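Observations on chain architecture
Residues per chain are reported as follows:
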Amino acid sequence: MKKHAHFVKHDPEPFGSLPKHNSVYCFAWDSIYDFQAPSLLPALLSKHGQDGSVSTGTKSLKVFSLLGAGALGLLSCATVASSDEAEHGLESPNYPWPHEGILSSYDHASIRRGHQVYQQVCASCHSMSLISYRDLVGVAYTEEETKAMAAEIEVVDGPNDEGEMFTRPGKLSDRFPQPYANEQAARFANGGAYPPDLSLITKARHNGQNYVFALLTGYRDPPAGVMIREGLHYNPYFPGGAIAMPKMLNDGAVEYEDGTPATEAQMGKDVVSFLSWAAEPEMEERKLMGFKWIFVLSLALLQAGYYRRLKWSVLKSRKLVLNVVN
């Protein structure tokens with residue numbers, strides 16, 4: 001007997017970021033057995049009893065066939081998993097975010113620190129076009145602090161009475177400034193890559209908060225056999241494994257106002273908390289309103305139950321007596 005097999009090549013690199021020699025191969029059997037001796041198959045098939053029972057050789061052949069099919073299934077599953085990981089990136093772990101509970105609220109001190117990380121680390125490339133300075137009032141800063149922060153930027157406004165545009169200090173109603181004038185300028189400054197807007201990033205990505213945190217803290221040296229072209233950086237959580245953004249969070253990259261140690265994990269946690277608030281600034285109000293409605297509806301349910309019991313108690317406690325007259 002002789003086994004025949006062929007290799008089927010599956011390329012897990014739809015983005016072209018990983019080299020071709022890192023392709024994943026799956027093993028598929030064309031046939032389990034190729035019987036060279038013509039007399040072997042009749043010999044096995046002829047070993048049946050007079051009552052039609054199957055011989056030991058035929059049973060062994062069936063067992064080997066089942067084992068081969070099982071091995072093929074396992075190898076196919078492994079190939080699919082490897083291809084999916086290369087296409088969509090490594091699955092992000094689930095982290096215990098303090099604001100994910102039913103009655104939990106945001107950590108506002110963390111939001112303030114996260115805004116500081118965004119300003120000093122992220123704002124040079126990434127915009128937040130949906131957030132205004134007034135949104136920070138009462139959340140991370142006082143009104144006076146926010147006004148002073150907004151006044152530090154210059155906003156192009158106009159036209160004036162002469163029909164010309166002019167610059168003025170920022171106001172609370174102004175949006176966060178854009179790092180680039182347009183998309184073409186952003187791509188030119190980043191080697192063709194376009195930094196996404198971060199206003200809704202935790203809602204726009206699968207497993208949003210966990211993905212962003214894992215991406216920011218997941219930079220690694222490429223494994224053996226994986227070549228990353230110049231200008232890209234290896235990150236297993238990014239689809240394709242190669243990302244244009246370098247590692248931005250390093251210990252001590254910022255100096256927190258409240259004295260919190262600025263470790264890589266702490267900065268990642270704070271900036272993700274800030275981005276989560278930016279994507280859902282109404283979350284706390286929504287949870288509070290939901291709790292109020294649940295409380296009111298619970299009272300209404302108790303009242304409805306008592307009213308039903310009161311009205312039906314007379315009917316349910318009746319005793320009907322039937323006198324039969326012959």
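Refer to the structure presented above.
A brief report on the enclosed structure follows. Just so we're clear, the structure is a prediction, and the values are computed from it rather than from any experiment. (Residues numbered from 1 in each chain as written. Predicted model: local features only at pLDDT ≥ 70, side-chain atom pairs only at ≥ 80, totals over all residues. Heavy atoms only, no water.)

1. Digging into the state of the cysteines
Taken as a whole and assessed by the stated rule, the structure comprises zero disulfides. With no disulfide of its own, Cys-122 has Cys-125 as its nearest cysteine by sulfur position, at a separation of 8.9 Å. (Disulfide = S-S within 2.5 Å.)

2. Focus on helix α8 (residues 264-279)
Between its first and last C-alpha, α8 extends 22 Å over 16 residues, near the 22 Å set by a 1.5 Å rise per residue. Among the 16 residues that make up α8, 13 are buried, leaving the element largely enclosed by the rest of the structure. (Helix = DSSP H or I, 4+ residues; strand = E, 2+ residues; numbered from the N terminus. Expected span 1.5 Å × (residues − 1). Buried < 20%, exposed > 50% of the residue type's maximum accessible area, 1.4 Å probe, protein only.)

3. Section: the packing of helix α7 (residues 208-217) against α8
Packing of α7 against α8 brings their axes to within 9 Å, and their N-to-C directions diverge by 145°. Crossing hand, α7 versus α8: right-handed. Contacts from Gln-209, Val-212, Phe-213, Leu-216 and Thr-217 of α7 reach α8 at Glu-264, Ala-265, Gly-268, Lys-269, Val-271, Val-272, Leu-275 and Ser-276. Split by residue class, the contact of α7 with α8 holds seven nonpolar, four polar and two charged. (Axes fitted to C-alpha atoms, helices over the stretch in contact; angles between N-to-C directions. Left-handed = near helix turned anticlockwise from the far one by under 90°. Contact = heavy atoms within 4.5 Å. Nonpolar A, V, L, I, M, F, W, Y, C, P; charged D, E, K, R; others polar.)

4. Some thoughts on α7
Of all 10 residues making up α7, 10 are buried, and the element is well covered by its neighbours. Turning to α7, its buried residues number three or more, namely Gly-208, Gln-209, Asn-210, Tyr-211, Val-212, Phe-213, Ala-214, Leu-215, Leu-216 and Thr-217.

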